[in-house]
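Listed below are the residues making up each chain.
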Amino acid sequence: MFDEVKELLVKQLKLKDASVVKPESKIKEELGADSIDILQLLMTLEESKGITIPDEELATFSTVKDIVDYLEARV
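Cut-offs applied
- Residues numbered from 1 in each chain as written.
- Predicted model: local features only at pLDDT ≥ 70, side-chain atom pairs only at ≥ 80, totals over all residues.
- Heavy atoms only, no water.
- Helix = DSSP H or I, 4+ residues; strand = E, 2+ residues; numbered from the N terminus.
- Phe/Tyr/Trp six-rings, centres within 6.5 Å; stacked < 30°, edge-to-face > 60°.
- Buried < 20%, exposed > 50% of the residue type's maximum accessible area, 1.4 Å probe, protein only.
- Expected span 1.5 Å × (residues − 1).
- Contact = heavy atoms within 4.5 Å.
- Polar contact = N/O pair within 3.5 Å; in protein donor to acceptor, adjacent residues only side chain to side chain.

J.: Residues and numbers for unusual backbone geometry, please.
T.: At Lys 14, a residue that is not glycine, the phi angle is positive and equals roughly 55°. Position of Lys 14 among the secondary structure elements: in the loop between α1 (2-13) and α2 (35-49).

J.: Quick rundown of the packing of aromatic side chains? Include the residues and the values.
T.: Across all of its chains, the model carries 1 aromatic pair by this definition. When the ring of Phe 61 is compared with that of Tyr 70, the centres are 5.4 Å apart and the planes differ by 75°; the resulting orientation is edge-to-face. Considered together, Phe 61 and Tyr 70 belong to a single accessibility category, that of buried residues.

J.: For α2, give the residues involved together with the corresponding values.
T.: Compared with the 21 Å implied by 1.5 Å per residue over 15 residues, the 21 Å span of α2 between its first and last C-alpha is a close match. Taken together, the buried positions of α2 are Asp 37, Ile 38, Leu 41, Leu 42, Leu 45 and Glu 46. Where α2 is buried, its residues contact α1, α3 (55-58) and α4 (64-74). Taking the backbone nitrogen of Ile 36 as reference, a side-chain oxygen 3.1 Å away marks Asp 34 as the first, capping residue of α2. Looking one or two residues past α2, Gly 50 carries a phi angle of roughly 70°, positive in sign.

What follows is the structure, given as structure tokens:
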């Protein structure tokens, strides 16, 4: 699941170096994502996984691992 989220983040954020995306990476502070980027990422994950991620969950995602853990618990 991490590799899938990592791939999406690299593409979404147009990162030149995929190695900067680690489980402990802070999505906003270290990877430079803004709220729109995170929303688009989660919408893509919702479509590909057939799940719905409630808006209130968005605020709880600060690291890549937070997203991975959430998805692994629901998929």
